[in-house]
Amino acid sequence: MKNIGAVILAAGKGTRMKSALPKVLHTLLNKPLLQYVVEAVAAAGIEERLVVIGHEGEMVQNAMENLAMTASCSFVKQEPQLGTAHAIQIALPRLKENCTAILVLCGDTPLLSPGLLDSFIKQFFASKAAAAVLSADLPDPHGYGRIIRNNEGGLKAIVEEKDAGLTEKAICEINSGIYCFDLKLLKTVLNDIKNDNANGEYYLSDAIAALGVQGHKVLVIDSAPAEEILGINDRLQLAAAAKILQNRINSAWMKAGVTITDPLATYIDADVSIGVDTIIEPQSFLRAGTSIGCGCKIGPATEISASSLGDGVYARHAIIIESEIGHNCDIGPFTYIRPGSKLAASVKAGHCVELKKAEIGEGSKVPHLSYVGDAVLGHGVNIGCGAITCNYDGQYKHITVIGDDAFIGSNTNFVAPVNIGARAITGAGSTITKDVPEDALAIERAEQKNIEGWALRKESKKQNDR
Ligand code: UD1
Ligand code: CA
């Protein structure tokens, strides 16, 4: 849609959040509120997207510019913030000349769908109205502006909660804060808006009533689903929106063939993919950029970020970050897989194992109590309990390479850089500082001394001392 531009209002302080962070940067499932709005506008086909920033504006702009977004936007600063009509006054000169209409939305309504915006805009254009507002009926309209209808059922005014009398407060039809305006006509009323209200602000909603008074057609489109237009003003609404979004995402995955044993206790970000017949157990978090194969079992209590898992992976009580996990790997419990790890098929990373930048070949096992960092392991390697890589000398990180089918004794320390040949064996408790050739046994241990009767002598000394 080339002749309509979107102006997204995000300059307000968000006082009710009681936060050092600007309201629109608060997140739902790890994505800032404002990003949802920008992406919904883009998905509705609107190419011109202008965000009005003000309070902590630089922080908002920097944060948005550093995000991986599916759509971009430009910014204009409103300083000071004198109300939504004032915000639009500042934004208008920045819009491209080919815009004949604007869609106005708030940066704090993250649950909007592109479909709702698209149909709202289409109805606005089809009606040839001067302005349109999207309204909804809410069982609890508290806090929202109320839609006051005239005798013919048209729009008479929009009255904010703070300015409303008792009869107005009883009205359940609310202003979503989403409007369309014919630009030329909007400009004829914008400068005459007054700030004689409880907040002393210039309200854009007054422009709609003013256009009506001038005899122009104004439209109220009352088809908005309540949950889509939920505005986030405080942390209770933030939590309520998170639950709605979580339900949307989890329902979609369940319909697509994924079992989620407790959807209320499962948190899946928007940008995730999951194969069929995967089972997700409670208290699991699948963060953005994660893809999970088919027939996996994830959880309970597993957190996976920006990682890819093949088919048939089992991961419970585990944290996996920016790593690749092959088919049929067995992860957990209490396993920490840090960025840059790459596990081939059928690898086991078991209880209390930490991996970092570890490349591990097919079928290799790190079953218990190990740290494997900056390491390359071949296939069929077995790492005994408690074996670790000593990869850091205080200044630099060094690599440990372990060849195919090597058998590492329990509690081996690898002082990197060090290379262990294929099929080599290390004796339990050895500290390996030198390369080990293929097929060799490396053992580094002081010889054991047995002192006969030592314990008995100790016991009789104790009794003599008493
Ligand atoms: C607003 C509407 C209300 C509607 C509700 C829907 C007004 C006056 N009221 O109320 O009718 O029911 O949204 O969620 O519009 N902003 C600026 N510059 C300013 C002031 C505000 O950019 O000078 C931005 C805010 O950052 C916010 C949006 O405008 O994104 C709306 O402001 P907010 O304070 O959240 O208004 P509400 O009280 O929610
Ligand atoms: Ca709001």
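What this report covers is the structure whose coordinates are included nearby. (Residues numbered from 1 in each chain as written. Chains lettered and ligands numbered in written order. Predicted model: local features only at pLDDT ≥ 70, side-chain atom pairs only at ≥ 80, totals over all residues. Heavy atoms only, no water.)

With that out of the way, let us pick up the pairing of strand β28 (residues 354-360). Looking at chain direction, strand β25 (residues 335-337) and β28 are connected through two bridges and run parallel. Bridge pairing in β28 places Y336 opposite E354. As paired elements, strand β26 (residues 342-343) and β28 share two bridges and run parallel to each other. Bridge pairing links K342 to E359 in β28. Pairing of β28 with strand β30 (residues 371-377), which is carried by six bridges, proceeds in the parallel orientation. Among the inter-strand pairings, K356 is bridged to a residue of β30, identified as G373. (Pairing = 2+ DSSP bridges. Helix = DSSP H or I, 4+ residues; strand = E, 2+ residues; numbered from the N terminus.)

Attention now goes to helix α1 (residues 33-43). Counting buried residues along α1, nine of its 11 residues qualify, which places the element largely inside the surrounding structure. Listed in full, the buried residues belonging to α1 are L33, L34, Q35, Y36, V37, V38, E39, A40 and V41. Downstream of α1 by one or two residues, G45 has phi in the positive range, about 90 degrees. (Buried < 20%, exposed > 50% of the residue type's maximum accessible area, 1.4 Å probe, protein only.)

The next subject is the site of ligand 1. What surrounds ligand 1 is a group of 23 residues, the closest being L9, Q78, G83, E160 and N175. One of the side-chain N or O atoms of E160 is found 2.7 Å from an oxygen atom in ligand 1. Expressed as a share of its isolated accessible area of 750 Å², the protein-covered part of ligand 1 is 89%. Sorting the residues of the shell around ligand 1 by element identifies β1 (4-10), α3 (84-91) and β10 (173-182) as the ones contributing at least two each. Here the element with the most residues in the shell around ligand 1 is β10; it accounts for three residues. In terms of residue class, the shell around ligand 1 is made up of nine nonpolar, 10 polar and four charged. (Near = heavy atom within 4 Å. Polar contact = N/O pair within 3.5 Å; in protein donor to acceptor, adjacent residues only side chain to side chain. Areas by Shrake-Rupley, 256 points an atom, 1.4 Å probe, with all protein chains shown as cover. Nonpolar A, V, L, I, M, F, W, Y, C, P; charged D, E, K, R; others polar.)

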